[in-house]
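Coordinates in review
The chain contents come next:
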Amino acid sequence: IDHVIAEKLSPDAHTKITQDEEIPDGWMGVDIGPKTVTLFGKQLSTAKTVFWNGPMGAYEIENFSKGTYGLAEIIAGLKATTIIGGGDSAAAVVQAGLAEKFTHISTGGGASLEFIEGKELPGLKALGI
């Protein structure tokens, strides 16, 4: 419902928080906003299983990491089965110091998605699984 926008993908970029989906010309979306983090928290509060694939923004740059790290903290605090699928999401929860609070972390994002879709994975097929 809100976004962090920046004029460039750089630590010294000027940023703003939008209150809607409109991003002005010359700006780019770089993170979810604080209201969106709060909304995710409310929606996830009763979840029994959470599968997270993909960071919320350009978390590698500190000014654009609050959405990803905020969501990581929310999910890490749930009394639920929590699964991270994907190298970027895995790296983010490790950088946030929260990896040990997740049930499972996979660096195979695409493979994780295909697995939960029920698709046959070549590596598992070769193992007879």
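To be clear, the structure that these remarks concern was listed above.
In this report, the structure presented in the accompanying data block is examined. Residue numbering note: each chain is counted from 1, following its sequence as written. This being a predicted model, a pLDDT of at least 70 is required before a residue's local features are given, and a value of 80 or more before pairs of side-chain atoms are given or counted; all residues contribute to the totals for chains, interfaces and linings. Excluding hydrogens and water, the side-chain figures rest on all heavy atoms present in the structure.

This next bit is on the nonpolar core. Among the nonpolar cores identified, the biggest contains 15 residues, and Leu44, Val50, Trp52, Ile75, Ile84, Val93 and Phe102 are the most heavily contacted of them. Note on conventions: DSSP H or I runs of at least 4 residues are helices, E runs of at least 2 residues are strands, and numbering of each starts at the N terminus. Examining the composition of this core, we find that four residues originate from one element, helix 2 (residues 66-76), more than from any other. Discounting residues that sit within four places of it in the chain, Val93 has contacts with Trp52, Ala72, Ile84, Leu98, Ala99, Phe102 and Ile105. We define the nonpolar core as a collection of buried residues of types Ala, Val, Leu, Ile, Met, Phe, Trp, Tyr and Cys that are connected through side-chain atoms lying within 4.5 Å of one another. Burial classification: accessible surface area is computed with a 1.4 Å probe over protein chains only, and a residue below 20% of its type maximum counts as buried, one above 50% as exposed, and the rest as partly exposed. In this structure, Val4, Ala6, Ala58 and Phe64 belong to the second largest nonpolar core, which totals seven residues. Contacts are assigned to residue pairs with any non-hydrogen atoms lying within 4.5 Å of each other.

Moving on to the side chain of Thr36. Its location among the elements puts Thr36 in helix 1 (residues 34-44). Setting aside chain neighbours within four positions, we find Thr36 in contact with Ile1 and Asp2.

Paired strands are those between which DSSP finds at least two bridges. The strand order across the open sheet built from three strands is 4-5-6, with neighbouring strands paired in parallel fashion. Of all the strands in the sheet, the pair left with one neighbour each is strand 4 (49-52) and strand 6 (104-106). Across the sheet, the axes of successive neighbouring strands diverge by a mean angle of 10 degrees, strand direction being ignored. Examined bridge by bridge, strand 5 (residues 81-85) and strand 6 share three bridges and lie parallel to one another. Within the sheet, the bridge partner assigned to Ile84 lies in strand 6 and is Ile105. Think of each axis as a best-fit line through the C-alpha atoms, taken over the contacting stretch in the case of a helix, with angles from 0 to 180 degrees between the N-to-C directions. Where helix 2 meets the sheet, its contacts fall on strand 4 and strand 5, and the angle it forms with strand 4 comes to roughly 155 degrees. Running over the sheet, helix 4 (residues 109-117) touches strand 4, strand 5 and strand 6 and is turned about 140 degrees from strand 4.

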